[in-house]
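Observations on the three-dimensional arrangement
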Amino acid sequence: MNSVHDMGGQQGMGPVSYEKDEPVFHASWEGRIYALNRAMRAWRKWSLDTDRYGLETMRPLDYLRMSYYERWAHRLEAQLVSFGFVTRDELQSGTPAPGTVRATPVFTLATASSWLNRGIPSSREPAIRPSFKVGQRVRARNINPTGHTRLPRYARGKAGVIMRDHGVYVFPDTNAHFQGENRQHVYSVRFTARELWGDSASQRDSVYIDMWDDYLERL
Amino acid sequence: MGDSDKGAVDRREFLKGIAAGAVTGATQVTVHTQDHQHDHQDVPSDLALRVKALESLLVEKGLVDSSALDALIDTMEHKVGPRNGARVVARAWIDQAYKKRLLEDAPAAIAEMGYSSGQGDHMVVVENSPKVHNLIVCTLCSCYPWPVLGLPPVWYKSAPYRSRAVIDPRGILREFGTTLPDEVEVRVWDSTAELRYLVLPERPSGTEGMTEEQLAALVTRDAMVGVTRVTLPPSGGRA
């Protein structure tokens with residue numbers, strides 16, 4: 001969806017603020033919400049793609065105002081309710097509803113390392129054919145889905161060259177919405193800075209963007 | 001969506017509720033004592049309480065195990081981080097065969113060093129040279145090569161960096177004190193898929209006699225994201 005998370009090319013966001021010797025977490029709650037997000041995803045009720053969409057659908061002003069981990073807290077609460085893990089009453093009271101049957105956690109000390117090492121499924125699947133080959137000129141499609149997508153606005157409609165075929169990956173645009181993995185090839189596509197930003201951009205520079213088959217069309 | 005739609009009254013009740021929950025919650029919650037109060041972002045003071053209450057609720061419902069959360073946090077704070085990436089870079093600098101493997105099949109070469117998990121499964125290493133400078137960004141969220149660099153710093157996830165890295169990479173580089181001649185080609189890598197990028201910086205001159213450990217000590221997180229170059233300490237002496 002076209003919202004504020006899709007930041008590439010926006011201007012007016014100010015200078016980069018740099019903190020020297022930055023800690024991994026600035027407060028213990030940041031670590032806790034980070035870990036809670038990962039532990040709850042281990043229930044496999046939603047995917048990383050769904051998680052990302054959960055941030056994208058936040059109200060733009062909230063997204064911009066909140067710190068990174070505050071967004072995570074906000075998203076997790078919303079997802080816990082919408083996927084039925086907790087009720088809004090329980091969130092408000094802070095205690096389980098009377099008569100709640102206690103579950104058994106799936107993300108435990110014994111299983112943590114296997115969850116962490118699981119990675120993101122991708123594979124070489126000869127049965128899934130690439131639509132494009134290395135060296136081919138392509139155009140990023142001009143699509144504006146209201147759901148999740150990983151095709152940034154600044155690349156839509158722009159022409160580039162396939163530099164590398166990364167193999168087969170789950171398609172986030174459908175997977176985020178439980179509409180199937182729709183596995184397909186992902187390519188590294190090179191766009192010149194001038195194609196993306198016009199003649200005032202450097203003649204030499206370029207942006208490499210990873211793109212699924214369905215984001216591309218022949219040129 | 002979400003509880004942002006609730007009105008102000010609802011919000012007050014919500015906060016009152018979680019405050020009560022935090023007090024009555026029967027489950028022990030690990031409280032870290034090394035909290036840094038940090039004011040660079042507008043974080044409401046109730047957030048720590050709210051997260052504590054949320055964890056307490058999820059523990060009581062048997063949905064999460066606090067000790068597993070502790071272990072996860074310990075991993076991110078102490079076991080993964082840019083020192084891992086620095087060792088990969090130093091090895092590539094002293095071992096041409098390793099460097100070749102790293103550039104051709106980064107996941108396997110990184111696994112050789114014992115680092116492999118989570119977001120790093122599909123690593124791609126891009127090499128800086130006198131003619132090419134690489135810069136990593138995730139314009140859509142915060143994708144970052146966790147096993148070799150740990151969790152990303154705030155600036156990497158911030159709007160100024162994410163918005164400008166693709167349209168004005170040389171301006172971003174200047175802010176980090178990295179001025180590139182016009183004839184150097186800048187390649188920006190926007191991490192839109194599940195590939196995770198690491199920059200192999202140029203080895204600085206004057207490091208010929210250094211050991212792998214000494215070289216690794218020179219390599220910074222920022223250089224592996226591509227916003228700076230690796231330099232010798234100001235003294236020019238050995239690490």
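Residues numbered from 1 in each chain as written. Chains lettered and ligands numbered in written order. Predicted model: local features only at pLDDT ≥ 70, side-chain atom pairs only at ≥ 80, totals over all residues.

**Here's the deal with the overall build of chain B**
A count of helical and extended segments in chain B gives twelve helices and four strands. Across the 239 residues in chain B, those meeting the buried criterion constitute 46%. (Helix = DSSP H or I, 4+ residues; strand = E, 2+ residues; numbered from the N terminus. Buried ≥ 20, exposed ≤ 12 C-beta atoms within 10 Å, placed from the backbone.)

**Here we look at the overall build of chain A**
A count of helical and extended segments in chain A gives eight helices and six strands. Reading the secondary structure of chain A in the N-to-C direction produces α-α-α-α-α-α-β-β-β-α-β-α-β-β. Principal-axis analysis of the C-alpha atoms places the extent of chain A at approximately 65 × 45 × 35 Å. In chain A, 65% of the contacts between residues at least 6 apart in sequence involve partners at least 24 apart. (Contact = placed C-beta atoms within 7 Å.)

**Brief notes about the interface of chain A and chain B**
Chain A puts 82 residues into the contact, and the matching count from chain B is 83 residues. Of all the secondary-structure elements, those providing two or more residues to the side of chain A that touches chain B are α1 (28-41), α2 (48-56), α3 (60-65), α4 (68-82), α5 (88-93), α6 (109-116), β3 (159-169) and β5 (206-212) of chain A. Top element by residues in the side of chain A that touches chain B is α1(A). It accounts for ten residues. Considering only residue class, the side of chain A that touches chain B consists of 39 nonpolar, 26 polar and 17 charged. Strand direction decides the pairing type here: β5(A) and strand β3 (residues 185-190) of chain B, joined by four bridges, are parallel. Bridge pairing links Val207(A) to Val188(B) in β3(B). (Nonpolar A, V, L, I, M, F, W, Y, C, P; charged D, E, K, R; others polar. Pairing = 2+ DSSP bridges.)

**Some details on the nonpolar core**
In terms of nonpolar packing, the biggest core is built from 111 residues, with Leu36(A), Met211(A) and Val219(B) touching the most fellow members. If you tally residues by element for this core, the top one is α1(A), at seven residues. (Core = buried A, V, L, I, M, F, W, Y, C linked by C-beta atoms within 7 Å.)

**Quick notes on helix α2 (residues 47-60) of chain B**
All names here are of chain B. The end-to-end C-alpha separation of α2 is 20 Å, in line with the 20 Å expected for 14 residues at 1.5 Å each. Summarising burial for α2: ten of the 14 residues are buried, a large majority. Looking at α2, one finds that the buried residues are Arg50, Val51, Lys52, Ala53, Leu54, Glu55, Ser56, Leu57, Leu58 and Val59. Backbone geometry just after α2 places Gly62 at a positive phi near 75 degrees. (Expected span 1.5 Å × (residues − 1).)

**A word on the domain arrangement of chain A**
Much of the literature gives interface size as the accessible area that the parts lose upon coming together. All names here are of chain A. Looking at the assigned domains, one finds that chain A contains domain 1 (28-116) and domain 2 (130-218). For domain 1 versus domain 2, the separation of C-alpha centres amounts to 30 Å. Counting residues at the interface gives six residues for domain 1 and four residues for domain 2. Here the side of domain 1 that touches domain 2 is composed, by residue class, of one nonpolar, two polar and three charged. (Domains from an automatic or database assignment.)

**A few points about the environment of Thr149(A)**
Mapping Thr149(A) onto the fold places it in the loop between β2 (137-140) and β3. Counting along the chain gives 27 residues from Thr149(A) to Ala176(A), while the straight-line C-alpha distance between them is 8.8 Å.

**Notes on the pairing of strand β4 (residues 184-192) of chain A**
Residue and element names in this part refer to chain A. Judged from the seven bridges that link them, β3 and β4 form a sheet pairing that is antiparallel. When the sheet's bridge partners are listed, Gly167 is paired in β4 with Val186. Summarising the sheet, β4 and β5 pair through seven bridges and their orientation is antiparallel. Paired with Ser188 across the two strands is Asp210, which belongs to β5.

**Digging into unusual backbone geometry**
Residue and element names in this part refer to chain A. Here the phi dihedral of Arg44 falls at roughly 60 degrees; this positive angle occurs in a residue that is not glycine. A tally of 7 C-beta atoms within 10 Å means that Arg44 is categorised as exposed. Phi is positive for Phe178, which is not a glycine, with a value near 60 degrees. Secondary-structure assignment places Phe178 in the loop between α7 (172-175) and β4. Among the residues examined, Phe178 registers 11 C-beta atoms within 10 Å and is labelled exposed.

**Considerations on the confidence of the model for chain B**
Residues and elements named next belong to chain B. Taken residue by residue, chain B gives an average pLDDT of 83. The fraction at 70 or more is 77%. This model gives residues 1-40 a pLDDT under 50, and the stretch forms 62 contacts once residues within four places in sequence are excluded. Under the prediction, the complex receives an ipTM of 0.96, its pTM being 0.88. (pLDDT = per-residue confidence, 0-100.)

**Considering the pairing of β3(A)**
Direction of pairing for β2(A) relative to β3(A): antiparallel, over a ladder of three bridges. The partner of Arg137(A) across the bridge, within β3(A), is Val161(A).

**Focus: helix α4 (residues 82-94) of chain B**
All names here are of chain B. With 13 residues, α4 should reach 18 Å at 1.5 Å per residue; the first-to-last C-alpha distance of 19 Å fits that figure. Burial analysis of α4 places ten of its 13 residues in the buried class, which makes it a mostly covered element. Regarding α4, the residues found buried are Pro82, Asn84, Gly85, Ala86, Arg87, Val88, Val89, Ala90, Ala92 and Trp93. Buried-residue contacts for α4 involve α5 (96-104), α6 (106-112), α7 (146-149), β4 (196-200), α11 (212-218) and α12 (221-225).

**What about the environment of Val219(B)?**
All names here are of chain B. Within the secondary structure layout, Val219 lies in the loop between α11 and α12. Separated by ten residues in the primary sequence, Val219 and Arg229 place their C-alpha atoms 8.7 Å from one another. Excluding its chain neighbours within four sequence positions, the residues that come into contact with Val219 are Ala86, Val89, Ala90, Pro201, Met224 and Val230.

**Considerations on the packing of α1(A) against α4(A)**
All names here are of chain A. Orientation of α1 relative to α4, taken along the N-to-C sense of each, is 40 degrees, at an axis distance of 9 Å. The angle between α1 and α4 falls in the class oblique. Note on packing geometry: the crossing formed by α1 with α4 is left-handed. In this structure, α1 uses Glu30, Ile33, Tyr34, Leu36, Asn37 and Met40 to contact α4, whose residues at the interface are Tyr69, Trp72, Ala73 and Leu76. Residues of the contact of α1 with α4, tallied by class, amount to eight nonpolar, one polar and one charged. (Axes fitted to C-alpha atoms, helices over the stretch in contact; angles between N-to-C directions. Parallel < 35°, antiparallel > 145°, perpendicular 65-115°, else oblique. Left-handed = near helix turned anticlockwise from the far one by under 90°.)

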